[in-house]
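Here is what each chain is made of, one letter per residue.
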Amino acid sequence: MYESLFGFHEKPFSLIPDPEFLYLSEGHKVALSLLEYGVAEQTGFVVISGEVGSGKTTLIRHLLRSVSDDVVVGLITNTHPTFGELLQWIGLAFDLDYKGSDKVSLYQRFLDFLIEQYASGRRVVLIIDEGQNLSLEALEELRMLSNINADKDYLLQIILLGQPELLHNLKRPELRQFVQRIGVDYHLGPLDLKDATRYIHHRLAVAGGTPDLFDDHACAALYYYTEGIPRLINVLCDLALVYAYAEDRRRVDIDTVIEVAAARRKSGLAAFRDDPEGQSREEVKRTIIRPLLGPWPRGALRQELGG
């Protein structure tokens with residue numbers, strides 16, 4: 001819709017996880033390094049947690065593109081409270097025959113698969129997204145599967161991704177043996193102002209646009225309303241571009257961002273931060289958003305960020 005007006009060859013703020021748009025903040029760099037280390041060194045369980053929309057799935061998509069040919073990956077992405085038999089989903093993830101089989105048969109089939117891959121010099125990695133939805137029984141079943149090893153080598157490496165509720169579940173006394181098997185864990189936090197601005201500039205550049213499409217105050221407003229959550233930044237940036245397109249503007253300013261955030265909050269369908277009660281739009285700009293930039297004059301934040 002607005003791509004031609006702003007010179008994009010694709011939408012810069014799609015909600016679909018796309019490793020082409022991956023921006024590595026300091027936190028994302030650490031999380032990716034730990035994922036790569038966990039796969040390379042077979043560290044036991046790897047647990048990466050973070051708020052909804054913090055970029056966990058995009059990191060995994062990037063990891064999947066970079067693993068070597070001797071790594072066989074199975075991915076489970078649709079866990080939910082009525083998930084069903086874990087071994088059936090594992091069979092599906094690795095393209096094994098799982099239909100109409102009991103648990104013992106499924107376990108033996110998967111064990112034979114692991115042994116076959118190990119004998120061929122390949123390592124097997126199971127990645128489970130939305131791990132906070134797994135039941136205690138499923139988590140315990142994963143722990144039992146992690147017992148499968150050959151001499152000093154794990155036959156199965158397991159990576160769990162999930163929202164903060166996953167950490168809460170893992171702290172339950174019943175899972176203390178599971179926790180002892182966790183070799184690497186990291187919590188992915190929100191972006192700070194500088195990284196949120198870099199994130200916006202990065203996605204604009206990847207899509208073929210210019211970083212100054214959003215001015216400094218617009219970026220500060222985007223950070224304020226989204227609290228640094230990448231997915232929410234994408235939602236608000238995309239809508240701001242639609243508003244700018246509709247009004248034939250060539251840049252997105254602070255007023256556009258505030259207007260979009262207010263409209264979404266009014267619908268009751270937005271997860272954006274509310275303005276302080278009783279404050280006008282001008283008061284929010286003057287007392288909250290603009291001070292976020294600190295001592296920087298207009299344009300100086302972009303210069304410091306190398307834009």
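The model shown is predicted, which means the values in this text are computed figures rather than measured ones.

### Details of the overall build of the chain
Here is step 1: When its secondary structure is counted, the chain shows 14 helices and 7 strands.
Here is step 2: Along the first, second and third principal axes, the C-alpha set of the chain runs to 65 × 40 × 35 Å.
Here is step 3: Roughly 14900 Å² of accessible area belongs to the chain as shown, and the carbon and sulfur atoms make up 49% of that amount.

### Re the nonpolar core
Here is step 1: One finds Ile200, Phe214, Tyr225, Leu241 and Ile289 to be the most contacted residues of the largest nonpolar core, which totals 42 residues.
Here is step 2: Looking at this core, the elements with two or more residues in it are helix H9 (193-206), helix H10 (216-226), helix H11 (230-246), helix H12 (254-267) and helix H13 (281-289).
Here is step 3: Looking at this core element by element, the count peaks at 8 residues for H11.
Here is step 4: Filtering out sequence-adjacent residues up to four positions away, Ile200 remains in contact with Phe13, Phe214, Cys219, Leu222, Ile233 and Cys237.

### Some remarks on the pattern of salt bridges
Here is step 1: One pass over the full model with this rule turns up 17 salt bridges.
Here is step 2: Here Glu26 makes a salt bridge to Lys29, at a shortest N to O gap of 3.6 Å. One end of the pair, Glu26, and the other, Lys29, are both in helix H2 (residues 26-41), 3 residues apart, so they sit about a helical turn from each other.
Here is step 3: Overall, Glu26 belongs to the exposed group, its relative accessible area being 53%.
Here is step 4: On the basis of relative accessible area, Lys29 is assigned to the partly exposed category, the value being 39%.

### What about the side chain of Arg265?
Here is step 1: Following the sequence through the fold, Arg265 ends up in helix H12.
Here is step 2: Within the structure, Arg265 has its side chain in polar contact with the side chain of Asp274 (distance 3.5 Å).
Here is step 3: Ignoring anything within four residues of it in the chain, the contact list for Arg265 reads Tyr225, Ala270, Phe272, Arg273, Asp274 and Asp275.

### Quick notes on the packing of aromatic side chains
Here is step 1: One pass over the full model with this rule turns up 10 aromatic pairs.
Here is step 2: Their ring planes at 75° and their centres at 6.2 Å tell us that Tyr2 and Phe8 sit as a pair that is edge-to-face. For the pair Tyr2 and Phe8, a shared accessibility class is recorded, and that class is buried.

### Quick look at the sheet that holds strand E6 (residues 156-162)
Here is step 1: With parallel pairing, the 5 strands of this open sheet are ordered in space as E2-E3-E6-E1-E7. Two strands bound the open sheet, and with one partner strand each, they are strand E2 (71-76) and strand E7 (182-188). Going across the sheet, the axis of each strand differs from the next one's by a mean of 15°, ignoring polarity.
Here is step 2: As paired strands, strand E1 (residues 45-50) and E6 are joined by 4 bridges and run parallel to one another. Residue pairing for E6: Val47 is matched across the bridge by Leu160.
Here is step 3: Contacts between helix H3 (residues 56-66) and the sheet are confined to E1, E2, strand E3 (123-128), E6 and E7, with E6 contributing the most and set at about 150° to the helix.
Here is step 4: In this fold helix H6 (residues 136-145) packs onto E1, E3 and E6, with an angle of close to 155° to the strand it touches most, E6.

### Describing the packing of H2 against H3
Working note: a packed helix pair is described by the angle between its axes plus the distance between those axes.
Here is step 1: In the contact formed by H2 and H3, the axes pass within 11 Å of each other and the chain directions differ by 45°. When the axis of H2 is compared with that of H3, the two are oblique. Relative to H3, H2 is oriented so that their crossing is right-handed. In this structure, H2 contributes His28, Ala31, Leu32, Leu35, Glu36 and Val39 to the contact, and H3 contributes Leu59, Ile60, His62, Leu63 and Ser66.

### Overview of H13
Here is step 1: Burial in H13 covers these residues: Val284, Lys285, Ile288 and Ile289. The buried residues of H13 all sit within an arc of 115° when viewed along its axis, so they share a single face.

### Observations regarding the packing of H10 against H12
Here is step 1: Interaxial distance between H10 and H12 falls to 7 Å at its minimum, and their mutual angle equals 25°. It follows from the interaxial angle that H10 and H12 lie roughly parallel. Where H10 abuts H12, its residues His217, Ala218, Ala221, Leu222 and Tyr225 lie against Ile254, Val257, Ile258, Ala261 and Arg265.

### What to know about the environment of Gln132
Here is step 1: Counting through the fold element by element, Gln132 comes out in the loop between E3 and H6.
Here is step 2: Overall, the relative accessible area of 11% leaves Gln132 in the buried class.
Here is step 3: In this structure, Gln132 is in contact with Gly162, Gln163, Glu165, Leu166 and Asn169, ignoring residues within four places of it in sequence.
Here is step 4: Among the polar contacts made by the side chain of Gln132, one reaches the side chain of Glu130 at a distance of 2.6 Å.

### Quick word on the state of the cysteines
Here a disulfide denotes one covalent bond, and it connects the sulfur atoms of two cysteines.
Here is step 1: Counting across every chain of the model gives 0 disulfides.
Here is step 2: Of all cysteine sulfurs in the structure, the one in Cys237 sits closest to Cys219, which takes part in no disulfide; the separation is 7.2 Å.
Here is step 3: A relative accessible area of 0% means that Cys237 is categorised as buried.

### A look at unusual backbone geometry
Trans peptide bonds make up most of the peptide bonds, and negative phi angles are found at most residues other than glycine.
Here is step 1: Of note, Glu130 is a non-glycine position whose phi angle comes to about 55°, a positive value.
Here is step 2: By the secondary structure assignment, Glu130 is in the loop between E3 and H6.
Here is step 3: Of note, the phi angle at Asp248 is positive, near 55°, even though the residue is not glycine.
Here is step 4: Since its relative accessible area comes to 52%, Asp248 is described here as exposed.

Cut-off values and rules
Residues numbered from 1 in each chain as written. Predicted model: local features only at pLDDT ≥ 70, side-chain atom pairs only at ≥ 80, totals over all residues. Heavy atoms only, no water. Helix = DSSP H or I, 4+ residues; strand = E, 2+ residues; numbered from the N terminus. Areas by Shrake-Rupley, 256 points an atom, 1.4 Å probe, with all protein chains shown as cover. Core = buried A, V, L, I, M, F, W, Y, C linked by side-chain atoms within 4.5 Å. Buried < 20%, exposed > 50% of the residue type's maximum accessible area, 1.4 Å probe, protein only. Contact = heavy atoms within 4.5 Å. Salt bridge = Lys/Arg side-chain N within 4 Å of Asp/Glu carboxyl O. Polar contact = N/O pair within 3.5 Å; in protein donor to acceptor, adjacent residues only side chain to side chain. Phe/Tyr/Trp six-rings, centres within 6.5 Å; stacked < 30°, edge-to-face > 60°. Pairing = 2+ DSSP bridges. Axes fitted to C-alpha atoms, helices over the stretch in contact; angles between N-to-C directions. Parallel < 35°, antiparallel > 145°, perpendicular 65-115°, else oblique. Left-handed = near helix turned anticlockwise from the far one by under 90°. Arc of directions from axis to C-beta. Disulfide = S-S within 2.5 Å.

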